[in-house]
Structures are given as C-alpha cells and as structure tokens.
Amino acid sequence: MTTLTTPSETLETFLHEAAELLGPKGFSTDPGDLDAWLTDWRGRYSGRAAALASPASTQEVAALVKLCAAHRVPIVPQGGNSGMAGGATPDDSGAAILLSLRRMSQIRSLDAAAGQAVCDAGVILQTFQEAAEAADMRFPLTLGGRGSATIGGLVSTNAGGTQVLRHGTMRAQVLGIEAVLADGQVFDGLTALKKDNRGFDLKQLLIGSEGTLGIVTAATLRLLPAPKARATAWAGLSSITDARALLRRVERALGDTLEGFEVVPAHCLDSVLALLPDARAPLNARHEWNALIECVAVDGDDAQLRTRLENALADAAQDDVLADAMIAASGRQADDLWTLRDSISAAERALGPAMQHDISVPVEKMPEFILAASPAIEADFPGTQAAAFGHLGDGNVHFHVLAPPGSTPGIWEESTGKQISARVYDLVTQWGGSISAEHGIGQMKVAELGRLSDPAALSIMRNVKDALDPLGLLNPGKLVPPADE
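To keep things clear, this report deals only with the structure shown in the data block. Not measured: the values here are computed from a predicted model. (Residues numbered from 1 in each chain as written. Predicted model: local features only at pLDDT ≥ 70, side-chain atom pairs only at ≥ 80, totals over all residues. Heavy atoms only, no water.)

### So, the overall build of the chain
Alright, step 1. Looking only at helices and strands, the chain features 17 helices and 18 strands.
Alright, step 2. What you see for the chain is a C-alpha radius of gyration of 23 Å, in line with the 23 Å of a compact globule of 485 residues.
Alright, step 3. Buried residues in the chain amount to 52% of all 485 residues.
Alright, step 4. With the model as given, the accessible surface of the chain reaches about 20,500 Å², and the carbon-plus-sulfur share is 51%. (Helix = DSSP H or I, 4+ residues; strand = E, 2+ residues; numbered from the N terminus. Rg over C-alpha atoms; globule rule 2.2 N^0.38 Å. Buried < 20%, exposed > 50% of the residue type's maximum accessible area, 1.4 Å probe, protein only. Areas by Shrake-Rupley, 256 points an atom, 1.4 Å probe, with all protein chains shown as cover.)

Spelled out as structure tokens, the structure:
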C-alpha cells in the first residue's frame, strides 16, 4: 500500500486553515474525538489521522477538499463506520484526515407521488426507512446494520442486503447523485431523468467507488409503495441442491412477490440458538439446511399471500423437495425468523476466530460450489469448519471458515487465516465468481483484487482513478490496486 506523507509545516498550516473553515463543531484534532472512528467496527483495522472533519454542508465539503488538494492532505471519507472491508479506516501514517459525513443528516425532500426522495449522505438508513413508512412508502433495501449505516456509505459501497433478489443492489435504488470531486468541484446529478443520453453515466461510476473517485454528499433515491401483504416461511431441507430447487419453485409460484430467499445450514442455526437464550428452532426436527423465504405484495392481504406460499411449499413437499416447513402466523413471528438469520454473524464470532468471505457465483452454480469448496477448505486446513449462508436467490453467500478450537484471535487470522482467504478466492475465481458480492473491496481485499482480476479491468480502474484523482488523495490504499501489485 502506498502511504502518502505531508510535510509537518504544511500539515500545521492546513490544520489551522481547516479549523477556521469548519469551526469547533466541524473540525477537531482532539484524540478523544478521533479515537472511536479510527478502528473499523469488526476490530480488524486501525489507523491514525491528523484530524476529524465534520462538515455540515456540501459547500463546506467542497471548500475542505480544495484545501486538502492545495496542501496535499489525503482524505478518508467515513459514514457510519459499519463497513466490512476496512474501507473507511485510515492507514497508520497519521497524514490523512477523516472526513465524516454524519452531520449532513437532512432528508432534503420526500415526494411520495413521484416515488423519490433526496437525502444527505449522513442520513441513517433506518431513519430514512421510517420517514418513507410515515409517507406510506418504502425504501427497498435493508441490512443488519440499518441502525448505523448511512446513505452515503451505502451508495459508496453499492450495498446489497436481503432484498436484492427482487429489488437489486444500491445501484438500482439511486436515481441521482451529488458528489464533491478531488479538486473540489461539485458534481450535481441529483435530478432523476428516465432518459438521459449525454454520454457516460457518471453517477454509476461513483456508486461503488468507495470514496476513491469522489465524495458522495447526497443522493436521489427511489421509493416504492408500502407493501400491504406479507408472508414469511421457514423450510427444512436435506441438501443445498434441494434449496435451489425450492427457490425455482417459489419463484414460479409467487412471481415478483418473492423478495428474499436465504439459506441457513444446521451449524449456523445451532450457533444462533446457543447464542440467543430465548430463541427457538422454527421446526421440530433438525435439518441439514434451512431456507427463509419472504414474500410481499402491494395489494391483497396477508392471508391471500400466505395461502399462495403455503400451496407452493405443499407442492414442493409432495415432490420431496423439502422435508418440513412453517409459515409465520404474524408479523412478530416473521420478525423472529429474521432475527435468527440476522444473528448468524454474531453467533459465529462467539465461537472464536473466523475468516469471513462475501462471495458470489452464478446462482445455478452456487450449490455445487458450496459442495466442492467446503470440503476442499476443510481438507487443506485441518480442524477448520466451513459454513456458507445467505442470499442464495442472488448467488451471494457468506462463506465463513471457523478456526480450529483453541486458536488465538488475531494471530490465527493473520497467519493461517490469510492463507485460507487466498484459497477461497482462488476457488471463487475458478468458478467464475466475485471475491466481493456486496461488502466492497476496501483495504482488506485490495491485494487479492490485484492478484486475481482481469488485467484489462485493472488498467481501466487505474486510469479512471488517475484521471479523477491525479494527486491520489481520495481514500488512498482502498479499492484500486496499485500497478506494482
């Protein structure tokens, strides 16, 4: 990783000018203000920063970025600091500033009739969802960290979640973007147009760029009518291939009401039940695989949708595709099922060290990939246990490899753990997949991206980075592998 350094006298001048620009609410060098934001939430990456900048408007962001460019000060943008790949954590040089967008937290407008809203980058996802619900609308993207994840962070990482099967990733939710570029110019692309053929789609270039091409300050987001009906089921299956067969059956029977299809192996469910003392297994018997199915509709009622789902599951059971199933009798019971799914990562962490991989392969290949990769990893690294769970419906699973009992946290991940990740990513690449399905590259996977990606794709990424950020000040060391890697 290339580390940028700024001469001390230049840095001191910058700190003085930035403090005058943003005032005491918007700029701090106090270690007490910085410490909480210098480590990623998983505790994997820590760094140092010269200051914490918290501008309150796009204009202040633009002025600050111009100041950084003049003094060659690197910038690490940060939203809710809930990323999974270390993309919002500075390096240990102390030369960069943390640029927090958390003070920019206004929902600028919400137009239910038009089905869109304009939000500052610092708006919390849950806050936005609640505002949409109050208008009898819905923002169709959710994830476990919705109470801390920000709109800017979701846009910058092209976040996914549990509703991608029907609604797509963040790319599909963004109708327009406002961003500050590396030279301080403001790109105003917030107007949502159905048709716009004026060349490159610049908003799509910025989505998923992890703050390396520009700093997202606001976004125009699509809203959908609030659902009127919901049906949630838990199915017990004997194999992951049966899970794929059930997915296809439910897709045919429920059409575009199918919103989520999550797979949970027995090991993961066991871990969650051990972690949550009040949790109960949804089914009487233990099954090697489970599927959590969510359907919603904007018309009709719960009873009608549950009947449709029940009929689809009954047909699957008659053909021996599933062993058992239950349908949630209430919204509370449905939420309890989702709590089991959302608690898997925490339950796995409680068991000890693990390497967590956010990978994707084509949906039709995923069961075979799991059946091939899991025993291969366990054979290559004796004592480990592989567990794959998550969004089978869109070809993305979280492939966790648990350390052997007694492994030392921190040490195991940096030694054997890194070898495991390299082997997992080799397998994913061989199967035509992606080493990052929804969590981004950050600093965690940048070397692996450089090792495994198509050289032409890497060349394009580097050329775009050089063109938009010629000084290399925007989130250095993240996403874009340097040419010598």
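Having put the structure on the table, let's press on.
### Topic: helix 4 (residues 125–134)
Alright, step 1. Taken together, the buried positions of helix 4 are occupied by L125, F128, Q129 and A132. The buried residues of helix 4 occupy one face: seen down the axis, they fall within an arc of 100°.
Alright, step 2. Positive backbone phi, approximately 60°, marks D136, located one or two places after helix 4. (Arc of directions from axis to C-beta.)

### Observations concerning the sheet that holds strand 6 (residues 116–120)
Alright, step 1. With antiparallel pairing, five strands are arranged side by side in an open sheet as 5-6-10-8-9. What marks the edges here is a single partner per strand, and that holds for strand 5 (107–111) and strand 9 (186–189). The mean inter-strand angle of the sheet, taken between neighbouring strand axes irrespective of direction, is 15°.
Alright, step 2. Two elements, strand 5 and strand 6, share four bridges in a ladder whose sense is antiparallel. Along strand 6, the bridge assignment pairs L110 with A117.
Alright, step 3. Against the sheet, helix 3 (residues 58–71) engages strand 5, strand 8 (174–180), strand 9 and strand 10 (215–222), with an angle of about 45° to strand 8.
Alright, step 4. This element, helix 4, spans strand 5, strand 6 and strand 10 of the sheet and lies at about 35° to strand 5. (Pairing = 2+ DSSP bridges. Axes fitted to C-alpha atoms, helices over the stretch in contact; angles between N-to-C directions. Contact = heavy atoms within 4.5 Å.)

### Thoughts on the packing of aromatic side chains
Alright, step 1. This model, assessed by the stated rule, comprises four aromatic pairs.
Alright, step 2. Grouping aromatic residues by their ring pairs yields a cluster made of F369, F399 and W431.
Alright, step 3. Positioned above the aromatic ring of W37, the side-chain terminus of R102 is 3.5 Å from the ring centre. (Phe/Tyr/Trp six-rings, centres within 6.5 Å; stacked < 30°, edge-to-face > 60°. Lys NZ or Arg CZ within 6 Å of the ring centre and 35° of its normal.)

### Details of the pattern of salt bridges
Alright, step 1. A complete count under the given rule lists 23 salt bridges for this structure.
Alright, step 2. Among the ionic pairs, E368 bridges to R244, the shortest N-O distance being 2.8 Å. You can see E368 sitting in helix 14 (residues 366–380) and its partner R244 sitting in helix 9 (residues 240–254), a full 124 residues away along the chain.
Alright, step 3. What makes E368 partly exposed here is its relative accessible area of 29%.
Alright, step 4. The class for R244 is buried, based on a relative accessible area of 15%.
Alright, step 5. Between D380 and R423 there is a salt bridge whose closest N-O contact spans 2.9 Å. In this pair, D380 sits in helix 14 while R423 sits in helix 15 (residues 411–430), placing the two residues 43 residues apart along the sequence.
Alright, step 6. The exposure class assigned to D380 is partly exposed, which follows from its relative accessible area of 41%.
Alright, step 7. Each of R108, D120 and E178 takes part in salt bridges that share partners, so that together they form one network. (Salt bridge = Lys/Arg side-chain N within 4 Å of Asp/Glu carboxyl O.)

### So, the sheet that holds strand 3 (residues 75–78)
Alright, step 1. Strand order across the open sheet formed by four strands is 1-2-4-3, with mixed pairing between neighbours. The outermost strands of the open sheet, each flanked by one partner alone, are strand 1 (27–28) and strand 3.
Alright, step 2. Its contacts with the sheet place helix 3 against strand 2 (51–53), strand 3 and strand 4 (97–100), and it is angled at close to 165° to strand 4.

### Comments concerning the side chain of K445
Alright, step 1. Here K445 is to be found in the loop between helix 15 and helix 16 (446–452).
Alright, step 2. The side chain of K445 is buried and forms no salt bridge, while D358, the nearest opposite charge, is found at 4.3 Å.
Alright, step 3. Within polar-contact distance, the side chain of K445 engages the backbone oxygen of I435 at 2.6 Å.
Alright, step 4. In this structure K445 touches D358, Y425, I435, S436 and G440, once residues within four positions along its chain are discounted. (Lys, Arg positive; Asp, Glu negative; His and termini not counted. Polar contact = N/O pair within 3.5 Å; in protein donor to acceptor, adjacent residues only side chain to side chain.)

### A few points about the nonpolar core
Alright, step 1. Ranked by internal contacts, the top residues of the largest apolar core, which has 56 residues, are L246, I293, L309, F369 and F399.
Alright, step 2. Leaving out residues up to four positions away in the same chain, L246 has contacts with A235, L237, F261, A291, I293, L313, A316, V321 and L322. (Core = buried A, V, L, I, M, F, W, Y, C linked by side-chain atoms within 4.5 Å.)

### What about the environment of T241?
Alright, step 1. Among the structural elements, T241 can be located in helix 9.
Alright, step 2. In this structure T241 comes out as partly exposed when scored by relative accessible area, which is 27%.
Alright, step 3. Residues T241 and D380 lie 139 residues apart in sequence; the distance between their C-alpha atoms is 24 Å.
Alright, step 4. Other than its neighbours up to four places away in sequence, T241 contacts P367, E368 and L371.
Alright, step 5. At a separation of 2.9 Å, a polar atom in the side chain of T241 contacts the side chain of S239.

### Quick look at the packing of helix 9 against helix 11 (residues 302–318)
Alright, step 1. For the pair helix 9 and helix 11, the least separation of the axes is 10 Å and the interaxial angle reads 140°. On the basis of their axis angle, the class for helix 9 and helix 11 is oblique. Here the hand of the crossing between helix 9 and helix 11 comes out right-handed. Contacts from L246, R249, V250, A253 and L254 of helix 9 reach helix 11 at L305, R308, L309, A312, L313, D315 and A316.
Alright, step 2. Class assignment of the residues belonging to the contact of helix 9 with helix 11 gives a composition of nine nonpolar, no polar and three charged. (Parallel < 35°, antiparallel > 145°, perpendicular 65-115°, else oblique. Left-handed = near helix turned anticlockwise from the far one by under 90°. Nonpolar A, V, L, I, M, F, W, Y, C, P; charged D, E, K, R; others polar.)

### A word on the packing of helix 9 against helix 14
Alright, step 1. The interhelical angle for the contact between helix 9 and helix 14, taken along N-to-C directions, is 170°, at an axis separation of 8 Å. Relative to helix 14, helix 9 is oriented roughly antiparallel. Contacts between helix 9 and helix 14 involve I240, T241 and R244 from the first element and P367, E368, I370 and L371 from the second.
Alright, step 2. Here the residues of the contact of helix 9 with helix 14 are counted per class, giving four nonpolar, one polar and two charged.

### Some details on a nonpolar patch on the surface
Alright, step 1. Residues F200, L202, L205 and L468 make up a contiguous nonpolar surface patch of about 400 Å² in total accessible area.
Alright, step 2. Tracing the chain through its elements places L202 in helix 8 (residues 202–206). (Patch = residues over 30% accessible without salt bridge, like charges linked within 9 Å, V, L, I, M, F, W, Y side chains within 5 Å.)

### Quick notes on unusual backbone geometry
Trans is the prevailing form of peptide bonds, just as negative phi is the prevailing case for residues other than glycine.
Alright, step 1. Positive phi, normally seen in glycine, also occurs at N81, with a value near 55°.
Alright, step 2. Among the secondary structure elements, N81 is positioned in the loop between strand 3 and strand 4.

### Looking at the pairing of strand 13 (residues 258–265)
Two faces make up the sheet, and in a regular strand the side chains alternate between them.
Alright, step 1. Most of strand 13 sits inside the fold, with eight of its eight residues counted as buried.
Alright, step 2. Across seven bridges, the pairing between strand 13 and strand 14 (residues 289–297) is antiparallel. Looking across to strand 14, one finds that F261 is bridged to I293.

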